Amino acid sequence: MIRHIVFFTARDEAGIDQIVEGLSVLTSIPYARRLEIARNRKRDQLGNDFDVVVYGEFDSETDLAAYKTRNLYREAIRCVRPLRELRFAADYELSTDVHFAGTAGLTQVARRSGPAGRE
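(A) Geometry of the packing of helix α2 (residues 61–69) against helix α3 (residues 71–80). For the pair α2 and α3, interaxial distance at closest approach is 5 Å and the crossing angle is 60°. Along the contact surface, α2 presents Tyr67, Lys68 and Thr69, while α3 presents Asn71, Tyr73 and Arg74. Considered class by class, the residues forming the contact of α2 with α3 number two nonpolar, two polar and two charged.

Take a look at the structure:
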């Protein structure tokens, strides 16, 4: 599974709602397993805040590429580009690129190996 995460900063605070609205058309594109568009609620005391987050999950790189070819994707870019200052994006493969899965993963590893000294 591919995780697709994009962060946006607005040119001005008044444009944040317009960015969310412009990106919301992406949720009707069929290739994503999950797609979320949200205002960033975290405000960091050190600055460099992002205003809007796009979080998507896709079954494959092929699905992600197909998602990006849709007219609605181009429409979202057309609407949002003039409103945004910065855009940062990251994609990663869940099964090969993630090195740490959290405490649930550690619990599963411990269960598989059994008691100390037994495998």
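(B) Spotlight on α3. Turning to α3, its buried residues are Tyr73, Ala76 and Val80. When α3 is viewed along its axis, its buried side chains cluster within an angular range of 60° and face the same direction. Away from the buried face of α3 by more than 90 degrees, exposed residues Asn71 and Arg78 are located. Buried positions along α3 lie against β1 (2–10), α1 (16–24), α2 and β4 (84–93).

(C) Geometry of the packing of aromatic side chains. Applying the stated criterion to the full structure yields four aromatic pairs. With a centroid separation of 5.6 Å and 75° between ring planes, the pair formed by Phe50 and Phe88 is classed as edge-to-face. Placement of Phe50 in the loop between β2 (34–39) and β3 (52–58) and of Phe88 in strand β4 is noted, with a sequence separation of 38 residues between them. Centre to centre, the rings of Tyr67 and Tyr73 are 5.3 Å apart; their planes meet at 65°, and the pair counts as edge-to-face.

(D) A look at the nonpolar core. Residues Phe8, Leu23, Leu26, Ile37, Val52, Val54 and Tyr67 are the most contacted members of the largest nonpolar core, which totals 21 residues. If you list the elements that add at least two residues to this core, you get β1, α1, β2, β3, α2 and α3. Excluding its chain neighbours within four sequence positions, the residues that come into contact with Leu26 are Leu35, Ile37, Tyr67, Leu72, Tyr73 and Ala76.

Definitions and limits used
- Residues numbered from 1 in each chain as written.
- Predicted model: local features only at pLDDT ≥ 70, side-chain atom pairs only at ≥ 80, totals over all residues.
- Heavy atoms only, no water.
- Axes fitted to C-alpha atoms, helices over the stretch in contact; angles between N-to-C directions.
- Helix = DSSP H or I, 4+ residues; strand = E, 2+ residues; numbered from the N terminus.
- Contact = heavy atoms within 4.5 Å.
- Nonpolar A, V, L, I, M, F, W, Y, C, P; charged D, E, K, R; others polar.
- Buried < 20%, exposed > 50% of the residue type's maximum accessible area, 1.4 Å probe, protein only.
- Arc of directions from axis to C-beta.
- Phe/Tyr/Trp six-rings, centres within 6.5 Å; stacked < 30°, edge-to-face > 60°.
- Core = buried A, V, L, I, M, F, W, Y, C linked by side-chain atoms within 4.5 Å.

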